Amino acid sequence: MNKYTFIKSETLSRIGILTFVSWLFGFTFISFLIALVTTGLCFLFRRRQIDLSELRLSEELLVMSPISGKNLHHNKIENQLSLKMKLSSGFGVYMPITGEVTDFKEEFVKKNRFITSYASSLTLEDGQNNIFVLSFTSKLHYFRPRIAVRAGDRGKLGATIGYLPFGGNVLLDFDDKSKVTFQAKDRLIATQTVVANIEEKV
């Protein structure tokens, strides 16, 4: 993972060498095809460039969207949002608040003898002891969510915490002090779309 994409720099270097060698030995079409596919993958696995210094202090009382995509459903009883990544929106996952990771879980669900589904969840706590839970499932069964943080890690609002290869779904659970402001089917932009307000403790 580097500054601009979730693909490792070593992998991109090897692909670059392979492209050059293919071109050098006259396999022009193959080198062009490799370059085209690599460019497409870099676009899909791109990282959002977020200037954390521009986030205002008042945004500590806001919960921002951790992904880009759309809101599928708001469960008002459980105070939960169901979010879905769009293929063209990037696969990055970002901190929706400033706080600490208090728990991390990863599950392997065997659907049948051929298909294994992967799921991960993070529990976050902000400075006012509000609790948020993010649950991740990948769109493709064989690609598990790549979450880079673990219990005890701290992060600022907008910090990159991982990605979902080729997209997936995210469930965002709020505690009772958070008021969801986002409507179903609306478009989400990671770290820019406000999905909930946090009641300030007096």
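Refer to the structure above for everything that follows.
Residues numbered from 1 in each chain as written. Predicted model: local features only at pLDDT ≥ 70, side-chain atom pairs only at ≥ 80, totals over all residues. Heavy atoms only, no water.

## Notes on the overall build of the protein chain
The number of helices and strands found in the protein chain is 2 helices and 14 strands. Looking at the protein chain as a whole, 41% of its 202 residues qualify as buried. For the protein chain, the proportion of contacts with a sequence separation of at least 24, taken over those separated by at least 6, is 65%. (Helix = DSSP H or I, 4+ residues; strand = E, 2+ residues; numbered from the N terminus. Buried < 20%, exposed > 50% of the residue type's maximum accessible area, 1.4 Å probe, protein only. Contact = heavy atoms within 4.5 Å.)

## Observations regarding the sheet that holds strand 4 (residues 92-94)
Note on sheets: strands pair through backbone hydrogen bonds, and any given pair is parallel or antiparallel. Judged by pairing direction, the sheet is antiparallel, and its 3 strands sit side by side in the order 4-10-8 without closing on themselves. At either end of the open sheet lies a strand with only one pairing partner, and these are strand 4 and strand 8 (146-147). (Pairing = 2+ DSSP bridges.)

## A few points about the packing of aromatic side chains
Applying the stated criterion across every chain, the model contains 7 aromatic pairs. Pairing Phe45 with Phe166 gives two aromatic rings, centres 5.2 Å apart and planes at 85°, and the pair type is edge-to-face. Taken as a pair, Phe45 in the loop between helix 2 (28-44) and strand 1 (62-64) and Phe166 in the loop between strand 10 (160-163) and strand 11 (168-173) lie far apart in primary sequence, 121 residues in all. By relative accessible area, Phe166 is classed as partly exposed at 26%. (Phe/Tyr/Trp six-rings, centres within 6.5 Å; stacked < 30°, edge-to-face > 60°.)

## Observations regarding the pattern of salt bridges
The final tally for this structure, using the stated rule, is 3 salt bridges. The residue Lys105 makes a salt bridge to Asp103 at a minimum N-O spacing of 4.0 Å. The exposure class assigned to Lys105 is partly exposed, which follows from its relative accessible area of 48%. A relative accessible area of 28% places Asp103 in the partly exposed class. (Salt bridge = Lys/Arg side-chain N within 4 Å of Asp/Glu carboxyl O.)

## Notes on the packing of helix 1 (residues 9-24) against helix 2
As a packed pair, helix 1 and helix 2 sit with axes 7 Å apart at the nearest point and diverge in direction by 160°. As judged from the angle between their axes, helix 1 and helix 2 are roughly antiparallel. Helix 1 and helix 2 meet at a crossing whose hand is left-handed. Where helix 1 approaches helix 2, its residues Leu12, Ile15, Leu18, Thr19, Ser22 and Trp23 are matched on the opposing element by Thr28, Ile30, Ser31, Ile34, Ala35, Thr38 and Cys42. Of the residues that constitute the contact of helix 1 with helix 2, the class distribution is 8 nonpolar, 5 polar and no charged. (Axes fitted to C-alpha atoms, helices over the stretch in contact; angles between N-to-C directions. Parallel < 35°, antiparallel > 145°, perpendicular 65-115°, else oblique. Left-handed = near helix turned anticlockwise from the far one by under 90°. Nonpolar A, V, L, I, M, F, W, Y, C, P; charged D, E, K, R; others polar.)

## So, the nonpolar core
The biggest cluster of nonpolar side chains holds 35 residues, and the ones touching the most others in it are Val63, Leu122, Phe136 and Phe174. If near-sequence neighbours (up to four positions away) are discounted, Phe174 is found in contact with Val63, Glu78, Asn79, Leu81, Ile131, Phe132, Val180, Val195 and Ala196. (Core = buried A, V, L, I, M, F, W, Y, C linked by side-chain atoms within 4.5 Å.)

## Here we look at unusual backbone geometry
Positive phi outside glycine occurs at Phe166, with the angle close to 60°. Unusually for a residue other than glycine, Thr191 sits at a positive phi of about 65°. Counting through the fold element by element, Thr191 comes out in the loop between strand 13 (187-188) and strand 14 (194-198).

## Considerations on the side chain of Thr123
Tracing the backbone through its elements, the reader meets Thr123 in strand 6 (residues 116-126). Not counting residues within four places of it along the chain, the set of residues in contact with Thr123 comprises Glu100, Val101, Thr102, Asp103, Ile131, Phe132 and Val133.

## Looking at a positive patch on the surface
Positive charge collects at one region of the surface, where Lys70, Lys84, Lys86, Lys139 and Arg187 lie side by side. Along the polypeptide, Lys70 turns up in strand 2 (residues 69-75). (Patch = residues over 30% accessible without salt bridge, like charges linked within 9 Å, V, L, I, M, F, W, Y side chains within 5 Å. Areas by Shrake-Rupley, 256 points an atom, 1.4 Å probe, with all protein chains shown as cover. Lys, Arg positive; Asp, Glu negative; His and termini not counted. Charge placed at Lys NZ, Arg CZ, Asp CG, Glu CD.)

By themselves these figures say nothing about function.
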